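# Residue-level structure breakdown
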Amino acid sequence: MANSETEQAKYLDAAKEVVKREAFNMQRALDKGQLMDGLRHATEMLNELRTSILMPKSYYELYMMVTMELTHLNMYMSGEFIKENKIADLYELVQHAGNIVPRLYLLITVGVVYIKSQECSRKDILQDLVEMCRGVQHPLRGLFLRNFLLTSTRDVLPDIDDNIVDSGTIDDSIDFILLNFSEMNKLWVRMQHQGHSRDRTKREQERLELKILVGTNLERLSRLEGVTVSKYQNHVLPAILKQLINCKDSIAQEYLMDCIIQVFPDEFHLKTLDTFLDTCCQPQGTVNVRNIIISIIGRLSNYAQADPSNIPEDIELFQIFSGKVTQIIQSRTEMPPEDILALQSALIKLALNVYPSETGYVDKVLENTCNIFNEERSRAKGCSAELSRMLRVPIDHYGDILTIIQLEHFTQLFGFLEYKSRKELCVYLAENVIQTETHIDSHDQVDLFLTMISCLVTDQADQSAEPEDPEDFEIEQSLVGRLVHQLTSGIPDQQFLILNTCKKHLLTGGDKRIQYTLPSLIFRAIQLCRVYHDLAAEDEKWEKKVTKILMYINSLLSTLVKAEYWDLALRLFLQAALVCDMVGIQSAETAGYEFVSQAFAIYEEEVSDSKAQLIAISLIVATFERTINFSEENHEPLRSQCLRASSKLLKKPDQCRAVSLCAHLYWSGKNREMAG
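Read on for an overview of the structure.

The rules behind these values
- Residues numbered from 1 in each chain as written.
- Predicted model: local features only at pLDDT ≥ 70, side-chain atom pairs only at ≥ 80, totals over all residues.
- Heavy atoms only, no water.
- Helix = DSSP H or I, 4+ residues; strand = E, 2+ residues; numbered from the N terminus.
- Rg over C-alpha atoms; globule rule 2.2 N^0.38 Å.
- Buried < 20%, exposed > 50% of the residue type's maximum accessible area, 1.4 Å probe, protein only.
- Contact = heavy atoms within 4.5 Å.
- Patch = residues over 30% accessible without salt bridge, like charges linked within 9 Å, V, L, I, M, F, W, Y side chains within 5 Å.
- Areas by Shrake-Rupley, 256 points an atom, 1.4 Å probe, with all protein chains shown as cover.
- Salt bridge = Lys/Arg side-chain N within 4 Å of Asp/Glu carboxyl O.
- 1 Å grid on protein atoms, 1.4 Å probe; cavity = no way out; pocket = protein on both sides within 12 Å on 5 of 7 lines; lining within 4 Å.
- Points joined across faces, edges and corners; volume = space filled by probe spheres on them.
- Nonpolar A, V, L, I, M, F, W, Y, C, P; charged D, E, K, R; others polar.
- Disulfide = S-S within 2.5 Å.
- Expected span 1.5 Å × (residues − 1).
- Phe/Tyr/Trp six-rings, centres within 6.5 Å; stacked < 30°, edge-to-face > 60°.
- Lys NZ or Arg CZ within 6 Å of the ring centre and 35° of its normal.
- Axes fitted to C-alpha atoms, helices over the stretch in contact; angles between N-to-C directions.
- Parallel < 35°, antiparallel > 145°, perpendicular 65-115°, else oblique.
- Left-handed = near helix turned anticlockwise from the far one by under 90°.
- Lys, Arg positive; Asp, Glu negative; His and termini not counted.
- Charge placed at Lys NZ, Arg CZ, Asp CG, Glu CD.

Our next topic: the overall build of the protein. In terms of regular secondary structure, the protein is built from 32 helices and zero strands. In terms of overall dimensions, the protein is more spread out than a globule: its C-alpha atoms have a radius of gyration of 41 Å, far above the 26 Å expected for 676 residues. Reported as C-alpha extents along the three principal axes, the dimensions of the protein are approximately 130 × 55 × 45 Å. Looking at the 676 residues of the protein, the share that counts as buried comes to 52%. If you take every contact in the protein between residues at least 6 apart in sequence, the share linking residues at least 24 apart comes to 75%.

Note that Ile-585 resides in the loop between α28 (566-583) and α29 (586-606). Between the C-alpha atom of Ile-585 and that of Asp-396, which follows or precedes it by 189 residues, the distance is 48 Å. If we skip the residues at most four places from it in the chain, Ile-585 touches Trp-542, Glu-543 and Thr-547.

A surface patch of nonpolar side chains, about 230 Å² in accessible area, is lined by Leu-643, Val-659 and Tyr-666. Structurally, the position occupied by Leu-643 is in helix α31 (residues 632-647). Assessed through its relative accessible area of 32%, Leu-643 is described here as partly exposed.

Taken as a whole, the largest pocket encloses approximately 460 Å³ of empty space. Taken together, 19 residues make up the lining of the largest pocket; nearest its centre are Thr-71, Phe-148, Thr-151, Ser-152 and Arg-154. When contributions to the lining of the largest pocket are tallied by element, the ones reaching two or more residues are α3 (56-84), α5 (100-117) and α7 (139-152). With eight residues, α3 is the largest single contributor of residues to the lining of the largest pocket. Of the residues assigned to the lining of the largest pocket, the class counts are nine nonpolar, seven polar and three charged.

This part covers unusual backbone geometry. In this structure, Lys-248 takes a positive phi of about 50° despite not being glycine. Along the polypeptide, Lys-248 turns up in the loop between α10 (229-247) and α11 (250-263). If you check the backbone angles, Glu-564 has positive phi at about 70° while not being a glycine. One can find Glu-564 in the loop between α27 (542-562) and α28.

Another aspect to go through is the state of the cysteines. In total, this model carries zero disulfides according to the counting rule given. With no disulfide partner, Cys-383 has as its closest neighbouring cysteine sulfur the one in Cys-370, 12 Å distant. Assessed through its relative accessible area of 0%, Cys-383 is described here as buried.

All right, on to α29 then. The first and last C-alpha atoms of α29 sit 30 Å apart over 21 residues, in line with the 30 Å expected at 1.5 Å per residue. Listing the buried residues of α29 in full gives Ala-588, Glu-589, Ala-591, Gly-592, Phe-595, Val-596, Ala-599, Phe-600, Ile-602 and Tyr-603. Check the buried side of α29 and you find it contacts α27, α28, α30 (610-626) and α31.

Overall, the coordinates contain 15 aromatic pairs when judged by the stated rule. Between Trp-188 and Tyr-255 the ring centres are 5.8 Å apart and the planes differ by 70°, which places this aromatic pair in the edge-to-face class. Taken together, the positions of Trp-188 in helix α8 (residues 170-190) and Tyr-255 in helix α11 put the pair 67 residues apart, joining distant regions of the chain. Here the two residues Trp-188 and Tyr-255 agree in accessibility, since each one is buried. An aromatic cluster of at least three residues, connected via ring pairs, comprises Tyr-59, Tyr-60, Tyr-63 and Phe-144. The ring of Trp-188 is capped by Arg-207, whose NZ or CZ atom sits 4.6 Å from the centre of that ring. Its guanidinium or amino end placed over the ring of Tyr-428, Arg-392 lies 4.3 Å from that ring's centre, counting from NZ or CZ.

Bringing the side chain of Ser-520 into the picture now. By the secondary structure assignment, Ser-520 is in helix α26 (residues 511-534). Aside from chain neighbours lying at most four places away, what touches Ser-520 is Gly-481, Arg-482, Val-484 and His-485.

Bringing empty space enclosed by the protein into the picture now. Summed over the entire model, instances satisfying the criterion amount to two cavities of 30 Å³ or more. Volume-wise, the second largest cavity comes out at about 30 Å³. Lining of the second largest cavity is provided by Leu-450, Ile-453, Val-480, Leu-483, Val-484, Leu-487 and Leu-506. Among the elements that line the lining of the second largest cavity, the one with the most residues is helix α24 (residues 470-484), at three residues. Considering only residue class, the lining of the second largest cavity consists of seven nonpolar, no polar and no charged.

Tracing the chain through its elements places Ser-610 in helix α30. With a relative accessible area of 17%, Ser-610 lands in the buried category. Once residues within four sequence positions are removed from consideration, Ser-610 is found in contact with Lys-651 and Asp-654.

Packing of helix α13 (residues 273-280) against helix α15 (residues 317-331) leaves a shortest axis separation of 10 Å and a crossing angle of 15°. By the angle between their axes, α13 is roughly parallel relative to α15. Viewed along their axes, α13 and α15 form a crossing whose handedness is right-handed. Along its contact with α13, which presents Leu-273, Asp-274, Leu-277, Asp-278 and Cys-280, the element α15 presents Leu-317, Ile-320, Phe-321, Lys-324 and Ile-328. A class-by-class count of the residues in the contact of α13 with α15 yields seven nonpolar, no polar and three charged.

Turning next to the pattern of salt bridges. Per the stated rule, a full pass over the model turns up 26 salt bridges. As a salt-bridge pair, Glu-219 and Arg-223 come within 2.0 Å of each other at their nearest N and O atoms.

Right, let's get into the environment of Ala-588. Inspection of the secondary structure assignment puts Ala-588 in helix α29. Dropping the residues within four chain positions of it, Ala-588 is found in contact with Leu-550, Cys-580 and Val-583.

Here the focus is a negative patch on the surface. A contiguous patch of negative charge on the surface is contributed by Asp-511, Glu-564, Glu-604, Glu-605 and Glu-606. Ranked by the residues each element gives to the negative patch, the list is headed by α29, at three residues. Within the element layout of this structure, Asp-511 appears in helix α26. The class for Asp-511 is partly exposed, based on a relative accessible area of 47%.

Okay, structure coming up:
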């Protein structure tokens, strides 16, 4: 066989010239009614298909050119010739051609005309043709010859039974195609074992180029109207699977199983699902069973999704596939973890599409995946990307974190992810909650959720010792801060439990995180104080509850102070003081006084920059000016402290601005004794 493209093109061009010349002479002879001369030129033309030099692509091009020219001979014999001559004599005549390849091409061409003439038994002629094709055992020539047989007879095969005597039945057509398929598959597999072992890759590529010739048989079978579910189940599929298993060739097994899935109707697959899946456990170890299983799951899933009534009640698709997938994984101990996860992902998609209300099915898949990786933890290494994709499937489908939380084994699988993938998935979950505006309204659910996204909340044992990118870290922690506002309940007491749960988790994040996360928690607590104040007429214990919340706020602010976030703590102390003033109870006034005093302490001890001092004292004065429920006993020392601090500013202009602001505290006189 010529290897270079130049040599291939040279031989192909030479063969094409011969075909053109002989085809022209054949047509001229036929136009003159000289059939024998026409057959002689046709034989010379067909002799070009005897070559062993051309590679599959070039041979296919030559084959198409020759078969196109043969249509002229077919048309001639189907027209005037058949009216004046006995086609049976011609059928005998062409069998005397000297070489077997042109002889069989002519025999098929004449045989099809013979069948159409209805002068003989269609069944006998078809059987004769398919048996005689065994005379060509060269893989390439044999495959194209049998493909010519299949395409030439597609319009004359018996289909739905009719009343024509000796016309044959649908069973004859099935047997004809199955025999042709079997022989073609043998020729196709034989290509693998020809030539030197160093050319193995090249031969495999050539085989892949020719696979459609074999698959055409199955496609033709699927188009026979007489092939019912019963015939497929009892006759067609067993014969195909027998040939598939016996050939013991991974390329053939993988391609033909995919062909079966693609060409036959969905209702056929439903009736034969167990048989087909049992066969999936038997192919060669190198067969990529993953793609086959995923393909059949995807097809039946789409079929069920189009119309749920398509799936009979007695067929439990998920249970069947789940059991077989588990069996395949257990039997193939060397199956890559990527393939395992791809199969499990396909099962999850099946459960979500066909049984959307059965969250237990999804959790069952997650449980099986956990068990597989627990038994052989090494299998989970290096497949974080695939596992992450699998876990995103239910997230994208449900779009509801509350449903994800119900999946008991979802969080367990997080442990098999590498740190980077785990964190990316946590970010994905957090963004999903915010984008869908989902509210998590139970402290138990909040606990589960924050445990699930622990990568964002606290340091992990397996994370890199290298510092994280500051910009990325800020984005992630800001996301957690936004998440806090989604952890809400319409029941105030439940909301306080949620806040305590959040505190428990967020304080484990260390000093570097709390500057982003605690402010949100403090503002949620401030809002809860307002809620209790509005419910004062309905809740007798509201004052005690507010006092407890203020203590909660104070503990969070103390944490910020210890972490030396002075500016942030100062501002939040002032916000807390405002809410204390708003509720207007004795315990709240005491807490408010303490909050303002703490703000002053930070100002005096930690704020040294003159510009920052002016800003800080302005904030303190503005906050204090808004208060109305401080008693004169508490109001007088605080406003005096504001004035002293203002007069001690470094720059005279700053002193003037600050003192003028303090004048409002004396002018407005907003305190409890003066009724605001």
